[in-house]
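If you want the building blocks of each chain, they are given just below.
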Amino acid sequence: MPESEAPPIDGVSVEINGHEVIARKGELLIDAAERAGTYIPRFCYHERMKPVGMCRMCLVEVDTGRGPALQPSCMIECTPGMKVDTESEITKKAQDGVLEFLLVNHPLDCPVCDKGGECPLQDQTMAFGPGESRFVEEKRHKEKPIPISDLVLLDRERCILCDRCTRFAKEVAGDPLIHFINRGNNTEINTFPDEPFSSYFSGNTVQICPVGALTASSYRFKARPWDLDTTESTCQMCSVGCRISIDSSRDEVQRFAGVDIDPVNWGWLCDKGRFSSEAVNADGRLSEPLLREGDSLVPARWSDALRRASDALAKASSPQAIGIIGGARLTNEDNYAWAKLAKGVLGTDNVDAQLGDGLPAEVVLGLPAATIDDVCAPGGTVLLLAPDVKEELPVLFLRLRHAAVNDRVTLIEISPRTTGITSLAKASVQPRPGEVGELVRALVAGSNADRDIAGIAVDEINSIRSLLSAANGPLKVVLGRSSVAESADAVVDAAAAVIEARPDTRFLPVLRRANVRGALDMGMAPGVLPGRVALDDGRDWYESRWTKVPATRGLDTEGILRAAADGRIDVLVLLGADPLSDFPDQDLAARALTGARTVISIDTILNASSRRADVVLAAAGFAEKAGTTTNIEGRVNTVSQRVTPPGTARPDWMLATEIASRLGTEFGFSSPQDILDEIGSIAPAHLGLSIEVLATSPDGIVLPLDLPVDEIAEEAIDAAIEEIVDEVVAEIEAEIEEPVDDFIDVLAMADDDGFVPGSTPRLVSFVSDAPLPVPPLDSYAFRLIATRKLYDQGTIVQSAASLAPLAPGTSLLVNPWDLDRLGVAESGRVTVRSSRASLTLSVTSDPGVPRGAAALVVSQADVRVGELIDVGDPVTEIRIETA
Amino acid sequence: MARLTAENVELATEIIGRYPRPKSALIPLLHLAQEQDGHLTDDAMTHIADLVDVTPAEVLGTASFYEMFKMEPVGRYMVNICTNISCQLMGGEELLEHAESTLGIRPGQTTADGLFTIEDVECIAACTEAPCLQVNYRYFHKITNGEFDQLVSELRSGARSDIPAHGTLAQVRQHIPADRQAGSVVPENTEVPVWLPVSEDGNA
Ligand code: SF4
Ligand code: SF4
Ligand code: FES
Ligand code: FES
């Protein structure tokens, strides 16, 4: 929707219905009118797609000096002096006529149509239509509905041929799998026979279809729009942070829809995000706590379960014997409460929100940051050192696609294998696993390379080098963990090389899971404290605000699991984490779960790991709790509660607060807002953040807030002093039993008490260690690439009935050249052997995999890739033999 | 039925080479496929989609817009009989009826031997020669019932080598050697015409 803001100085003055309107240069009349408060009816025009002038509903009378004439307002730009009448007799007659024609063949499905009640055709017929039809003939009939994909159904006779869905498929998603078929009166939308509209973005067409021609199989006949209660929230299926609306009826989530926010999703959602609505109320949701009794988990009372959990924590032999893994499923408030419990009460720094499949917290928090808008800024150059964004962060893919196709952004991709974005990149190379650091060093070096590196030919290196040095303005890097079969060291080394050579480079670190970024921001990683500060830098600040801070840096997930496997962990807490399924090295994860004395799992659905827990606490899930979340950019936005959690499931912050209280520390939190207030007043990067500030910015807020640093510090100090003063005043008042009013004295007393506000600690900055050396190439071995697909065996995807069957499975992908060399037949069976295990599976030839490497997809049925991986090795070497 | 044969892929490659963008070769390639199989098979359309780098849905969208591309098998001879106004006045309807009864099929149907399909068509722009018809888009003017029967028996006996099977546009194939091509330069790679930047500014 065009935002209303002050007209620009170089605007164009036009007259709409007798009033002067200042349009932006090049602005379409339909947009300028809407901004000025005059809504022109439309069907085909959509503000996020190119206009096509297909439906003629937006005809208005326009006079550009040659007398008034009907013109489609979605196709003409405002020109100086243009006079427009959107309410003239002629305009009305045109609207009338267009609607009468559209309704000629439109079936009378309204009473049973999903769109009825929120249908532009219905609404505009009411507002602008003829009121009566003169058409008495038989309408067109077609078989209805026909599925055009696993998720979307089409009623062709309802279609008004507006070209929105087809334009979306081609222009926005780049998947032109639906098209106008036939001609004239027989024109219809359809797919090619047996080639469904299986786009990751198909659900958007349901949302933008101006009639009920496209419906979602998961929502068809589920609810009527007027029965729905709606709340805005932020999608938590990945960390792009798309804004959504949650619709519920009778306390049950019915659907999610995209909400347009300019800096992030532009109204689009991926199908995984959209249809994850089905998972909210899935079978198997935990509705009460469970306790282990022998071999089984049995329902328990909350008081018993919480007692078991806090007793175990209290009895841990030392803070170092406690490990906490997870946080991506949690809100920022949940994470803050858990970080405070872990670091400020239990005193352990063995906390990690990532599962060994991301990047170190210092890298994510410390690199100079770029927003999505920065990365997509027209004319820029973007280096993708990231996983397949189409598979992992789909709406980021849409933004990058738009940037490359429409905004002259040069994409340069360095990936272990070709990806969904390869065809859009100006250059794309696939270095050997483990050697990306060295390659990138050469790409940003001051002079041309003189030899092949990481399997990439020297000419190619030098041509990318010149693309990079020709970049307009600072380089932007999308940085992530492309393959979990190699350590993060190589890509961190690559980032270090870039920033060393080009210090003005900015980075968009792309971790995958929901609120993983928020968890890191809240200190859910070893060596950091809430508000993006390092443990050592923030120690004084937090010691004066919490009661304690861990003395030394703790372990990351890999370290915690190793310690647990060695029997050095008494209590392992899994916060929505399932290391058995998600940690790259499954052998280590399994040994850790066996080795930890007590395992406490806090989750919404039982998973492989929580089935082995001793205590399972039922958590409230998405749409069942309020709070804030932080996306890949470090943008904070709200998540909202729309329905009641199942049974007695509770939000994670409440569990942390409760456990802290049982351990003798009162957090005093009684709502997420209390926690946000505390975050906003003490977490250094979050100073000044509050629910009020968020309410003023529906686009979310990129931290740190743009207030001058001193001002923030002072505000925080003032707030802190005031709090202390209040406390002291209360104490004195209690003692002398009368009100005190001499604040100066009290302040002096407070200072005597030893209170030093201190200055805000500096935020984390990027450091990189030298990477582990990669073993020399061995001509018999292959290096493993382990990537992800959008749909996998993850708990939420598998709990959403429509999405579960879409997980594609995996086979071993090998370059045809290697397949030949091995003498293995295409789609034959092979045995893959690593130092850890061996798997037998089928093999597929794929020229997108570099020679000497082999690719698998993790988290798919039947193939447990994690069994092959040893996280101690910089790369995973495998051998392939005919089975 | 089938994807394009190896021989036709070679032709297709030559045709694609004539255009700045592969996609522009879509219509000629559809004709090639229709020549090969008599109609457009799904496999051929999928193959063409690969060759010109679009999706099969886009190929079908384009092909189905045109009446002369057939998505279903038709007879070796497509007989289009005009019943529009001039032909109607001059006996087009009767001609159609005669055709229907002699061939034993209705418009849109194909004879059991797979030789003839009749279509009842609108004006084919030979009104001065009414009533008229086309066989595989070759004209026959001022046709009487007797002449129609004669034509059918000639076609049956294979005496009309001038009328190739449905789908073949011309019996002489066009070849344009690479060095004789007009030059297929991608528009992006040509110099920007002087007027373009001006008009993009909105000043022209
Ligand atoms: S299906 Fe809907 S969006 Fe697509 S052309 Fe028809 S009316 Fe428009
Ligand atoms: S891209 Fe991510 S945040 Fe956006 S809808 Fe998909 S899963 Fe949700
Ligand atoms: S909205 Fe302008 S023609 Fe459809
Ligand atoms: S009416 Fe038959 S050719 Fe014109």
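Here the residue numbers are simple positions, counted from 1 along each chain's written sequence. Starting at A for chains and at 1 for ligands, labels are handed out in the order in which the entities are written. Predicted model: local features are reported for residues with pLDDT of at least 70 only, side-chain atom pairs are reported and counted for 80 or more only, and whole-chain, interface and lining totals are derived from all residues. Note that water and hydrogens are dropped before the side-chain values are worked out from all heavy atoms of the structure.

Q: So what exactly am I meant to see when it comes to the sheet that holds strand β28 (residues 627-630) of chain A here?
A: Sheet strands pair by backbone hydrogen bonding; their relative direction is either parallel or antiparallel. All names here are of chain A. In this scheme, strands are said to pair when DSSP sees at least two bridges between them. Labels follow the DSSP assignment, with helices taken as runs of H or I lasting at least four residues and strands as runs of E lasting at least two, numbered in each case from the N terminus. The strand order across the open sheet built from three strands is β28-β29-β30, with neighbouring strands paired in antiparallel fashion. A strand with exactly one partner marks an edge of an open sheet, and here the two such strands are β28 and β30 (701-702). The sheet contact formed by β28 and strand β29 (residues 635-639) spans four bridges and is antiparallel. Within β29, the residue paired with T629 across the bridge is N637. Each of β28 and β29 is contacted by helix α9 (residues 332-346), which is oriented at about 90 degrees to β28, the strand it contacts most. Any two residues whose heavy atoms approach within 4.5 Å at even a single point are treated as in contact. Each axis is a line fitted through C-alpha atoms, taken for helices only over the stretch in contact, and angles between the N-to-C directions span 0 to 180 degrees.

Q: I tried to follow the pattern of salt bridges on my own but got confused; where do I start?
A: A side chain of one charge can pair with a side chain of the opposite charge when the charged atoms of the two come close. Residue and element names in this part refer to chain A. A pairing counts as a salt bridge when a side-chain nitrogen of Lys or Arg comes within 4 Å of a carboxyl oxygen of Asp or Glu. Inspection of every chain in the model, using the stated rule, returns 66 salt bridges over all chains. With a closest N to O distance of 2.8 Å, R35 and E27 form a salt bridge. There is no split in this pair, since R35 and E27 are both buried. The partner of R506 in a salt bridge is D374, with the nearest N and O atoms 3.5 Å apart. Pair noted here: R506 is in strand β22 (residues 506-509) and D374 is in helix α11 (residues 372-375), with a separation of 132 residues, a long-range link. A network of salt bridges, in which partner residues are shared, links D109, K144, D155, E157, R158 and R220. Relative accessibility under 20% of the residue-type maximum defines a buried residue, over 50% an exposed one, and the middle range a partly exposed one, all with a 1.4 Å probe and only protein chains included.

Q: Just checking my understanding: could you explain helix α4 (residues 56-63) of chain B for this structure?
A: In terms of burial, α4(B) is a largely internal element, seven of the eight residues being buried. Residues P56(B), A57(B), E58(B), V59(B), L60(B), G61(B) and A63(B) constitute the buried set of α4(B). Buried residues along α4(B) sit against α4 (164-172), β8 (178-181) and β9 (188-191) of chain A together with α2 (26-37) and α3 (42-52) of chain B.

Q: Would you take a moment to explain the domain arrangement of chain B for this structure?
A: You'll often see interface size given as the accessible area lost when the parts meet. If you check the domain split of chain B, you get domain 1 (6-71) and domain 2 (77-157). Either an automatic procedure or a domain database provided the assignment from which the domain bounds are taken. Between domain 1 of chain B and domain 2 of chain B, the C-alpha centre-to-centre distance is 29 Å.

Q: Explain the nonpolar core here, please?
A: Generally speaking, soluble globular proteins have nonpolar side chains that are buried together. Residue and element names in this part refer to chain A. Within this scheme, the nonpolar core is defined by two criteria: the residues are buried Ala, Val, Leu, Ile, Met, Phe, Trp, Tyr or Cys, and they are joined through side-chain atoms within 4.5 Å. Formed by 126 residues in total, the largest nonpolar core has its most connected members in W338, L385 and L479. Here this core gets nine residues from one element, more than from any other, and that element is helix α16 (residues 489-501). A domain split of this core shows at least three residues from each of domain 3 (299-357 + 514-642 + 650-699) and domain 4 (360-509). Residues contacting L385, with those up to four places away along its chain left out, are I414, V436, V440, V477, V478, L479, G480, S482, V491 and A494. Membership of the second largest hydrophobic core comes to 91 residues, among which are L384, F397, V478 and L790.

Q: Just to check I follow, could you spell out the domain arrangement of chain A for this structure?
A: Residues and elements named next belong to chain A. Taken domain by domain, chain A comprises domain 1 (10-100), domain 2 (137-279), domain 3 (299-357 + 514-642 + 650-699), domain 4 (360-509) and domain 5 (780-880). Using only C-alpha atoms to locate each centre, domain 1 and domain 2 end up separated by 28 Å. At the interface, eleven residues of domain 1 touch 16 residues of domain 2. Between domain 1 and domain 2, a total of about 1200 Å² is buried, with carbon and sulfur atoms accounting for 57% of that surface. What gets called buried area is simply the loss in accessible area from a 1.4 Å probe that two parts show on being joined, summed for both. In terms of surface lost to domain 2, no three residues of domain 1 exceed F43, R48 and M49, which account for 54% of the buried area on that side. Taken together, the links from domain 1 to domain 2 amount to two salt bridges. The salt bridge partner of R48 is D262, with a shortest N-O separation of 2.8 Å.

Q: Is there a simple way to explain the site of ligand 2 in this structure?
A: In the region of ligand 2, the neighbouring residues are C235(A), M237(A), C238(A), G241(A), C242(A), L269(A), C270(A), G273(A), P394(A) and V395(A). Side-chain classes are defined by residue name, with Ala, Val, Leu, Ile, Met, Phe, Trp, Tyr, Cys and Pro counting as nonpolar, Asp, Glu, Lys and Arg as charged, and the others, Gly among them, as polar. Tallied by class, residues from the shell around ligand 2 come to eight nonpolar, two polar and no charged. In this text, near means that some heavy atom of the residue lies within 4 Å of the molecule or strand in question.

Q: Would you mind showing me how to read the interface of chain B and chain A here?
A: Each partner contributes residues to the interface: chain B has 14 residues there, and chain A has 14 residues. Each partner contributes to the roughly 1200 Å² buried at the junction of chain B and chain A, and carbon and sulfur atoms together form 62% of this total. In terms of surface lost to chain A, no three residues of chain B exceed A57(B), E58(B) and F65(B), which account for 36% of the buried area on that side. On inspection of chain B and its partner chain A, the count reaches two salt bridges. When the shortest N-O distance is used, the salt bridge between E67(B) and R183(A) registers 3.3 Å. We define a polar contact as two N or O atoms separated by no more than 3.5 Å, with the added condition that, inside protein, one atom must be a possible hydrogen donor and the other a possible acceptor, whereas residues neighbouring each other in sequence contribute only through side-chain atom pairs. On inspection of chain B and its partner chain A, the count reaches five residue pairs in polar contact (both at pLDDT 80 or more). Among the elements of the structure, α3 and α4 of chain B are those that each provide at least two residues to the side of chain B that touches chain A. Ranked by residues supplied to the side of chain B that touches chain A, first place goes to α4(B) with five residues. For the side of chain B that touches chain A, a count of residues per class yields five nonpolar, four polar and five charged.

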